[in-house]
Amino acid sequence: MPTKTPIIALKVDVDTYVGTREGVPNLLGILERFGIHATFYFSMGPDNSGKAIRRIFTRKGFLKKMLRTRAPSLYGLKTLLYGTLLPAPMIAESFPEVLKKTEALGHGVGIHCWDHVKWHDYLPWLPKPVTLMELGRASALFEEIYGHRTSTTAAPGWTVSPDSLEIQDAMALDFCSDSRGTAPFFPVMEGRRYRTIQIPTTWPTMDELLGEGGITVENINYHYLTLLRPGLNVHTIHAELEGKALASLFEDLLERLQARGVRFVTLAEAADEFRRNAPDAPLAMGEIPGRAGRVAVQG
Ligand SMILES: [Zn+2]
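Just so it is clear, the model here is predicted, and its values are computed rather than measured. (Residues numbered from 1 in each chain as written. Predicted model: local features only at pLDDT ≥ 70, side-chain atom pairs only at ≥ 80, totals over all residues. Heavy atoms only, no water.)

**Student:** Can you walk me through the overall build of the protein chain in this structure?
**Tutor:** Helices and strands together make up the secondary structure of the protein chain, namely 14 helices and twelve strands. On C-alpha atoms alone, the protein chain measures out to a radius of gyration of 18 Å, which is about the 19 Å that the 2.2 N^0.38 rule sets for 299 residues. In terms of overall dimensions, the protein chain has C-alpha extents of about 50 × 40 × 40 Å along its principal axes. Per-residue burial for the protein chain yields a buried fraction of 57% across its 299 residues. Long-range pairs, those at least 24 residues apart, make up 75% of the contacts in the protein chain between residues at least 6 apart in sequence. Each charge class in the protein chain can be summarised by its mean position, and for the 33 positive and 33 negative side chains these summaries are 4 Å apart. (Helix = DSSP H or I, 4+ residues; strand = E, 2+ residues; numbered from the N terminus. Rg over C-alpha atoms; globule rule 2.2 N^0.38 Å. Buried < 20%, exposed > 50% of the residue type's maximum accessible area, 1.4 Å probe, protein only. Contact = heavy atoms within 4.5 Å. Lys, Arg positive; Asp, Glu negative; His and termini not counted. Charge placed at Lys NZ, Arg CZ, Asp CG, Glu CD.)

**Student:** Explain helix α9 (residues 162–170) to me, please; I cannot follow it from the model alone.
**Tutor:** Among all positions of α9, only Ser164, Leu165, Ile167, Gln168 and Asp169 are buried. In the segment just after α9, Ala172 is the residue with positive phi, at about 55°.

**Student:** Before we go on, may I ask you to explain empty space enclosed by the protein in this structure?
**Tutor:** If you roll a probe as big as a water molecule over the atoms, it shows you where there is empty space left. The tally for this structure, following the rule as stated, stands at four cavities of 30 Å³ or more. Estimates place the volume of the second largest cavity at around 40 Å³. Lining the second largest cavity are Ser139, Glu143, Arg149, Thr150, Met171 and Leu173. Grouping the constituent residues of the lining of the second largest cavity by class yields two nonpolar, two polar and two charged. (1 Å grid on protein atoms, 1.4 Å probe; cavity = no way out; pocket = protein on both sides within 12 Å on 5 of 7 lines; lining within 4 Å. Points joined across faces, edges and corners; volume = space filled by probe spheres on them. Nonpolar A, V, L, I, M, F, W, Y, C, P; charged D, E, K, R; others polar.)

**Student:** Got a minute to help me understand the pairing of strand β11 (residues 280–286) in this structure?
**Tutor:** Both faces of the sheet carry side chains from a regular strand, because those side chains alternate between them. As defined by bridge partners, strand β6 (residues 186–189) adjoins β11 across three bridges and the pair is classed as parallel. Bridge pairing in β11 links Pro187 to Ala281. (Pairing = 2+ DSSP bridges.)

**Student:** It is not clear to me how the packing of aromatic side chains should be interpreted in this structure. Could you clarify?
**Tutor:** Each aromatic ring pair is described using two quantities: the centre-to-centre distance and the angle formed by the ring planes. Following the criterion strictly, the structure yields five aromatic pairs and no others. Seen from their ring centres, Phe40 and Phe42 are 6.2 Å apart, and the 15° between their planes marks the pair as stacked. Considered together, Phe40 and Phe42 belong to a single accessibility category, that of buried residues. Linked through ring pairs, Tyr17, Tyr82 and Phe95 together constitute an aromatic cluster. One residue, Arg180, lies across the ring of Trp158, its end atom 4.4 Å from the ring centre. The ring of Phe186 is capped by Arg193, whose NZ or CZ atom sits 4.7 Å from the centre of that ring. (Phe/Tyr/Trp six-rings, centres within 6.5 Å; stacked < 30°, edge-to-face > 60°. Lys NZ or Arg CZ within 6 Å of the ring centre and 35° of its normal.)

**Student:** Would you take a moment to explain helix α1 (residues 17–34) for this structure?
**Tutor:** Residues that lie three or four places apart on an α-helix share one face, since the helix turns once every 3.6 residues. For α1, with 18 residues, the first-to-last C-alpha span of 26 Å sits near the 26 Å given by 1.5 Å per residue. At Gly23, α1 shows its maximal kink, close to 35°; a proline, Pro25, follows between one and four residues later. Taken together, the buried positions of α1 are Tyr17, Val18, Gly19, Thr20, Gly23, Val24, Leu27, Leu28, Ile30, Leu31 and Phe34. Between the side-chain oxygen at the start of α1 and the backbone nitrogen of Gly19 there is a gap of 2.9 Å, and the oxygen is on Thr16. Backbone geometry just after α1 places Gly35 at a positive phi near 70°. (Expected span 1.5 Å × (residues − 1). Bend = angle between axes of the 7 residues up to and from the residue. Polar contact = N/O pair within 3.5 Å; in protein donor to acceptor, adjacent residues only side chain to side chain.)

**Student:** Help me out: how do you make sense of the pattern of salt bridges in this one?
**Tutor:** Pairing is possible between side chains that carry opposite charge, provided their charged atoms lie close to one another. Scanning the model with the defined rule gives 13 salt bridges in all. Across the pair Glu22 and Arg21 runs a salt bridge, and its minimum N-O distance is 2.7 Å. Salt bridges sharing partners connect three or more residues here, namely Arg180, Asp207, Glu208 and Arg291. (Salt bridge = Lys/Arg side-chain N within 4 Å of Asp/Glu carboxyl O.)

**Student:** Is there a simple way to explain the coordination of the zinc ion in this structure?
**Tutor:** Geometry reference: four tetrahedral donors at a metal, ideal angle 109.5 degrees. Six octahedral donors, ideal angles 90 or 180 degrees. The zinc ion binds to the protein through Asp15 (OD), His112 (NE2) and His116 (NE2); the donor distances cover 2.1 to 2.2 Å. If you list the donors of the zinc ion from N- to C-terminus, the spacing comes out as D-x96-H-x3-H. Among the residues examined, His112 registers a relative accessible area of 2% and is labelled buried. (Donors = N, O, S within 2.8 Å, 3.2 Å for Na, K, Ca; no water.)

**Student:** Before we go on, may I ask you to explain the packing of α1 against helix α13 (residues 247–259) in this structure?
**Tutor:** Relative to each other, α1 and α13 sit at 20°, their axes nearing to 11 Å. Looking at the two axes, α1 sits roughly parallel to α13. As α1 runs across α13, the sense of the crossing is right-handed. Each of Leu27, Ile30, Leu31, Arg33 and Phe34 in α1 lies in contact with α13, whose residues at this interface are Ala247, Phe250, Glu251, Leu254, Glu255 and Gln258. (Axes fitted to C-alpha atoms, helices over the stretch in contact; angles between N-to-C directions. Parallel < 35°, antiparallel > 145°, perpendicular 65-115°, else oblique. Left-handed = near helix turned anticlockwise from the far one by under 90°.)

**Student:** Before we go on, may I ask you to explain the sheet that holds β11 in this structure?
**Tutor:** Pairing between the strands of a sheet is mediated by backbone hydrogen bonds and can be parallel or antiparallel. Here four strands make up an open sheet; going across it, the order is β7-β6-β11-β12 and the pairing mixed. A strand with exactly one partner marks an edge of an open sheet, and here the two such strands are β7 (192–193) and β12 (295–298). Note that β6 and β7 share two bridges and pair antiparallel. Pairing of Val188 across the sheet is with Arg193, part of β7.

**Student:** What is the right way to look at the environment of Gly106 in this model?
**Tutor:** Note on placement: Gly106 falls in the loop between α6 (96–104) and β3 (108–113). Given the relative accessible area of 34%, Gly106 is considered partly exposed.

Put into structure tokens, the structure is as follows:
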């Protein structure tokens, strides 16, 4: 049952080769110092981040966001060229020990994707067998590395389709975290109800907030505390940002949250706790402040 004490689940999206090699170990160190368990979602296949630059030309607002968040300095030039001028390196198979260590330290682990850029930019147009193959390849490698199947996935850029939800149901996952919203729910998309519970991200990400409405690195954590509500709060962070350039800001946030007495849970624990009372709710792709392009939003 929801209690008055705020509960927080940290969801970590791992998008890139460098984020896996450097950001994840940094985050593991930070979380260990605070005694907190999070849930990590790994990109299993190639790092095609350079292709994301295409969005400058195809998505309104992306260039503005790139400049506002200083993507070139945050992500590093090399990452921005992977898949274009430089070959796309394979992520999970390059660092299986990072993936294994994350689980060994008690964190939740799951699949973010096979190819982040392909899923994020093209999912609505992918034929169902291609979507199936993206998750299938990621699942096979996940099982090879961990020796067990994944129990959860979290879609890149909160991008879903009726096909992706159907495939996730067929994978018999315990829960998914593909959406933005207010509380756990069973998704109904385009009139069909799916049986895999969604644990939505309830907070805006740091890169969405910074530079919007007077929010700066000086006041962003104060702003986050004002967003705390009783019940479950889900905060998505990125190995590439909170695990690197924004690490000290993230540590400051954890200090403030612990001082507030919040209870940290993994997404699996949140799913167990909230499943029984979770309602059905519509899920559709829509726009949210601070982010270029559309995301899956709980209705
Ligand atoms: Zn991602």
